[in-house]
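# Per-entry structural report
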Amino acid sequence: MRRGKGVIGIALLVSAVLAGTSACGGKSSTSDSAHDSGKGGASAGATASAHPSPTHPTGPPMLLDSIAPLDKATVGVAMPISVVFTNPVAASAHKNIEKHLKVSASVPTAGAWHWMGDKRVDWRPQEYWKTGTKVRLDADLKYVSNGSGRYGTHPYTHSFTIGDDVRADASVTAHTMKVTRNGAPVRTLSINAGSAEYPTWNGTMAVIDKQEKVHMTSCSVGISCNKGDANYYDLTLPWDIHLTQSGTYVHFSTGDTNPGSGSALGSHGCVHLSLSDAKWFYGQVKQGDPITVTGSPRAKASADNGYASFNLSWSQWLAGSASGEQTTAAL
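Presented here is a report on the structure given in the accompanying data block. (Residues numbered from 1 in each chain as written. Predicted model: local features only at pLDDT ≥ 70, side-chain atom pairs only at ≥ 80, totals over all residues. Heavy atoms only, no water.)

## Re the nonpolar core
Going by this rule: In this text, buried Ala, Val, Leu, Ile, Met, Phe, Trp, Tyr and Cys residues form a nonpolar core when linked through side-chain atoms within 4.5 Å. Relative accessible area decides the class of each residue, using a 1.4 Å probe on protein chains only: under 20% of the type maximum gives buried, over 50% gives exposed, and in between gives partly exposed. The numbering of helices and of strands both runs from the N terminus, where a helix is a DSSP run of H or I of at least 4 residues and a strand a run of E of at least 2. Residues count as neighbours in contact if any of their non-hydrogen atoms are within 4.5 Å of one another.
Residues Ile81, Phe85, Ile97, Leu101, Trp113, Leu137 and Leu141 are the most contacted members of the largest nonpolar core, which totals 35 residues. Mapped onto this core, the elements with two or more residues apiece are strand E2 (64-68), strand E3 (73-75), strand E4 (81-85), strand E5 (101-105), strand E6 (110-116), strand E7 (120-125), strand E8 (134-139) and strand E10 (156-162). Setting aside residues no more than four positions away along its own chain, Ile81 makes contact with Ala68, Val103, Trp113, Val121, Asp122, Trp123, Val135, Leu137 and Phe160. If you look at the next biggest cluster of nonpolar residues, it comprises 27 residues, including Ala168, Ala170, Phe281 and Ala308.

What follows is the structure, given as structure tokens:
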């Protein structure tokens, strides 16, 4: 099963990690609308000075829709830093924006920013993060222009930690998913992946979030809105690991209760586990853990379809950067 395509932002990608997505989408601490007045970033209690005030650019505020991961989060080794702007950023401003997005780490790490269109820019390490690395983003965007007349109002800081190196490798043809932790095999699970008509995305997809229950409908993803159709579904299913913005999950399905080579039932693009395996796997993974699918006739998921940045080669990733490869500052 698959859920409908959502907007990459706080409600879908960040706050849903443990609490479940709300249809109403409350604001998180990273949403500018909770604390931006549009009047610049000066403190109301600033002390008056005898010196002339510096001249600052004027214009509407450049706001952020989200920063992922959340501050103080523990995430997986494939997690990018993802900054989403509320308004488009002009290509002419990309390099200056990147200059003001400083990434520091406790372990020196090579990486680069990459623009996903004109509102989203992600920082990805060249190789997976090392377990235990402490990372900090200092987004010093105050008075920085988006190239279209908007200016940042204040800086942002997010710190997070890279947790255990948990990976899952799913083989569509073998109907198995091998789970490892810090390089050691943990368990091999039986799976069913997508059918020939609705194949699963190939490639590596870092976990976006996970929810104990998700309402999935065929109509929401354009498969079928006709209740009499064989491909119609409208189900609330448990133990859901979210892999792509377009609606790919690893989860249990009531229509495929005993996955594996014996049943070989095809899904509508998701990866099915048995109920007990789905619950166990749910307890193992976290945001940013890489799940890699091989053997599907479908192409790799695009880098911006969730957090699939490692589906691009390093040279392809650098092609979307205005400032090129950099090594993290010391933390």
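## Quick look at the sheet that holds E8
Our working rule: Any two strands with at least two DSSP-identified bridges between them are counted as paired.
Strand order in the open sheet formed by five strands is E3-E10-E8-E5-E21, with mixed pairing between adjacent strands. Looking at which strands have only one partner, the edges of the open sheet turn out to be E3 and strand E21 (329-330). In this sheet, E21 lies alongside E5 in parallel orientation, the contact comprising two bridges. Bridging across to E21, Ala105 finds its partner in Ala330.

## Observations regarding the pattern of salt bridges
Heads up, the condition is: We count a salt bridge whenever a side-chain nitrogen from Lys or Arg sits within 4 Å of a carboxyl oxygen from Asp or Glu.
Inspection of every chain in the model, using the stated rule, returns seven salt bridges. The salt bridge involving Arg120 is made with Asp122; its shortest N-O contact spans 2.7 Å. Each of the two residues, Arg120 as well as Asp122, counts as buried. Between Arg181 and Asp164 there is a salt bridge, with the nearest N and O atoms lying 3.0 Å from each other. One end of the pair, Arg181, is in strand E12 (residues 176-181); the other, Asp164, is in the loop between E10 and strand E11 (166-171), and 17 residues separate them in sequence. Overall, Arg181 belongs to the partly exposed group, its relative accessible area being 28%.

These results come straight from atomic positions and should not be treated as a statement about function.
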